[in-house]
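Next come the chains, spelled out residue by residue.
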Amino acid sequence: MAMSTRSHEKPTAGAAHAAFLWSRLGSILAVAPLGVWTVIHLWNNLAVFSGERAWEAAVTEHTSPVSLAVTTAIVLLPLGIHTGWGLARLATSRPNNRRYGFFANFKYLLQRVSAVGVLAFLGAHLWLAFLRPRLVEHRPEPFRDIAAEMRHHPPTLVVYLLGTLGVAYHLANGLTGVAMGWGVVATQAGLRKADRVAAVIFALLLAMSWGAIYGLWNAGLPFTPGVD
Ligand code: HEM
């Protein structure tokens with residue numbers, strides 16, 4: 001993977017070891033639980049096609065406060081660690097697309113651009129759909145609210161369409177980075193195959209995301225934003 005580091009100082013063995021472990025942690029947490037949970041979350045959102053109750057049962061309801069706390073920890077902790085790792089990578093590595101105009105470099109750049117987009121999207125999504133309803137309104141996000149926003153508030157629709165596009169690319173292409181980083185793929189032929197697999201995963205993730213958004217948009221017609 002093409003990149004250049006800013007610092008030319010030689011790290012100590014301890015620092016190099018810590019950096020290696022940190023990099024492994026940031027990488028593996030992105031796949032499990034984060035990537036796995038992302039797929040489950042998108043799948044659950046497709047319950048929108050079975051109606052309001054089915055969507056709320058699949059997406060926002062928890063059997064107990066403990067179940068909510070465990071899910072939150074399993075998702076938010078790895079997300080925090082991966083984001084910290086990702087921001088450190090953004091700060092210390094630079095794409096060299098001008099010198100090497102290869103497809104691999106373009107994907108490397110897009111991985112970083114999508115990371116920034118995903119960070120902004122997840123910040124807004126977590127606050128508006130997860131934290132704010134629970135902390136301010138003392139209940140989970142009602143189906144009618146999110147469906148009404150999707151239908152009658154165009155910025156929400158655009159943010160969800162672009163945000164999930166970023167997540168689909170970031171996760172699908174990120175998996176090829178993981179495969180290379182962990183030595184699963186090591187040849188040119190393997191890389192080409194990994195690219196094809198990533199393209200299929202990207203298409204599936206995007207179809208699930210935009211399918212769920214379409215379902216919410218479609219269901220939102222009779223509802224008014226802010227009234228549930
Ligand atoms: C749903 C949330 C996310 C998922 C599922 C996810 C998944 C992934 C995966 C699978 C990789 C490849 C890891 C590797 O190459 O070893 C990756 C790379 C990366 N992620 Fe994320 N990510 C998410 C959110 C974020 C956020 C919020 C940031 C914020 C900056 C971020 C920054 C990065 C960066 C910079 C890389 C590239 C690292 C490199 O190749 O040097 N990610 N992500």
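Thresholds, definitions, all that
- Residues numbered from 1 in each chain as written.
- Predicted model: local features only at pLDDT ≥ 70, side-chain atom pairs only at ≥ 80, totals over all residues.
- Axes fitted to C-alpha atoms, helices over the stretch in contact; angles between N-to-C directions.
- Helix = DSSP H or I, 4+ residues; strand = E, 2+ residues; numbered from the N terminus.
- Parallel < 35°, antiparallel > 145°, perpendicular 65-115°, else oblique.
- Left-handed = near helix turned anticlockwise from the far one by under 90°.
- Contact = placed C-beta atoms within 7 Å.
- Nonpolar A, V, L, I, M, F, W, Y, C, P; charged D, E, K, R; others polar.
- Near = placed C-beta within 6 Å.
- Core = buried A, V, L, I, M, F, W, Y, C linked by C-beta atoms within 7 Å.
- Buried ≥ 20, exposed ≤ 12 C-beta atoms within 10 Å, placed from the backbone.
- pLDDT = per-residue confidence, 0-100.

## Side note on the packing of helix α1 (residues 13–45) against helix α7 (residues 188–219)
- At a minimum axis separation of 8 Å, α1 and α7 run at an interaxial angle of 40 degrees. Looking at the two axes, α1 sits oblique to α7. The way α1 lies across α7 gives a crossing that is left-handed. Listed contacts from α7 to Leu-42, Trp-43 and Asn-45 of α1 are Leu-205, Met-208, Ser-209 and Ala-212.
- Looking at the contact of α1 with α7 residue by residue, the classes come out as five nonpolar, two polar and no charged.

## Side note on the site of the ligand
- Around the ligand, 28 residues are found, and the nearest of them are Ser-27, Gly-86, Ala-115, Gly-174 and Gly-177.
- Of all the secondary-structure elements, those providing two or more residues to the shell around the ligand are α1, α3 (65–92), α4 (103–135) and α6 (154–181).
- With eight residues, α6 is the single largest residue contributor to the shell around the ligand.
- Within the shell around the ligand, the residues separate by chemical class into 14 nonpolar, 12 polar and two charged.

## Regarding the nonpolar core
- Residues Ala-147, Met-150, Ala-168, Ala-172, Leu-205 and Leu-216 are the most contacted members of the largest nonpolar core, which totals 24 residues.
- Elements represented by at least two residues in this core include exactly α4, α5 (143–152), α6 and α7.
- Counting residues per element, this core draws most heavily on α7, which supplies seven residues.
- Filtering out sequence-adjacent residues up to four positions away, Ala-168 remains in contact with Phe-202, Leu-205, Leu-206 and Ser-209.

## Topic: the confidence of the model for the protein chain
- Taken residue by residue, the protein chain gives an average pLDDT of 92. The fraction at 70 or more is 93%.
- For residues 1–7, every residue scores under 50 in pLDDT, and the model assigns this stretch 16 contacts once sequence neighbours within four places are set aside.

## Some thoughts on the environment of Leu-216
- Structurally, the position occupied by Leu-216 is in helix α7.
- Once the C-alpha coordinates of Leu-216 and Ala-148 are considered, the two residues, 68 residues apart in sequence, prove to be 8.0 Å apart.
- Not counting residues up to four positions away in its chain, the partners in contact with Leu-216 are Val-48, Ile-146, Ala-147 and Met-150.

## Quick word on the environment of Lys-193
- You can see Lys-193 is positioned in helix α7.
- Distance in space between the C-alpha atoms of Lys-193 and Phe-102 is 17 Å, their sequence separation being 91 residues.

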